[in-house]
Amino acid sequence: MINVLVVDDEEPFRRLLKKELGRKGFSVEVASDGNGALQLLRDHSFDVILLDVVMPEKNGFQVCRDLKRDARYQHIPVILTTSKSGDSDKFWGKKQGADEYITKPFEPVDILLAVKRQLGGSK
């Protein structure tokens, strides 16, 4: 089973993605902030991470950068999901190591396609 970590401070967004990804056969864990995500990563193995940018304390750019600098996690694809849609935001996200950058609002199918791309179409 493919394990997905969804990190977002908005509960309705976490609930929606958990439901949609679960329907497609993914196992989904959720975290409401960057620190919670890092704790889950210490305790579980994930195949892909959906990471919001605008969160309290540790934002998604910081979490992405930390993950991509850590040999234990740098192989995990990170898909940034955010309302920050400026070209400079997208540039900064890629500079932090994000594998994809999707702006809100989006359709659940956009997330499913991005996850499949990052997994090499294996799901």
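Being a predicted model, the structure only gives us computed values, none of them experimental.

The rules behind each value
Residues numbered from 1 in each chain as written. Predicted model: local features only at pLDDT ≥ 70, side-chain atom pairs only at ≥ 80, totals over all residues. Heavy atoms only, no water. Helix = DSSP H or I, 4+ residues; strand = E, 2+ residues; numbered from the N terminus. Contact = heavy atoms within 4.5 Å. Salt bridge = Lys/Arg side-chain N within 4 Å of Asp/Glu carboxyl O. Buried < 20%, exposed > 50% of the residue type's maximum accessible area, 1.4 Å probe, protein only.

S.K.: Hey, could you run me through the side chain of Asp89 in this one?
M.R.: Examined against the element boundaries, Asp89 turns out to sit in helix H4 (residues 87–95). Not counting the four nearest positions on each side in its chain, Asp89 is found in contact with Phe61, Lys84 and Tyr101.

S.K.: Even after reading the chapter, I still don't get unusual backbone geometry, so can you show me in this structure?
M.R.: In most cases, non-glycine residues show a negative phi, while peptide bonds are predominantly trans. For the bond from Lys104 to Pro105, the omega torsion is -5°, close enough to zero to count as cis. Relative to the assigned elements, Pro105 resides in the loop between strand S5 (100–103) and helix H5 (108–118). One non-glycine residue with positive phi stands out, namely Glu57, at about 65°. Looking at the secondary structure, you find Glu57 in the loop between strand S3 (48–52) and helix H3 (60–69).

S.K.: Even after reading the chapter, I still don't get the pattern of salt bridges, so can you show me in this structure?
M.R.: Inspection of every chain in the model, using the stated rule, returns nine salt bridges. Between Asp89 and Lys84 there is a salt bridge whose closest N-O contact spans 3.7 Å. In this structure Asp89 comes out as buried when scored by relative accessible area, which is 17%. Where Glu100 meets Arg117, a salt bridge forms, and the shortest distance between an N and an O atom there is 2.8 Å. One end of the pair, Glu100, is in strand S5; the other, Arg117, is in helix H5, and 17 residues separate them in sequence. Each of Asp8, Asp52 and Lys104 takes part in one network of salt bridges that share partners.

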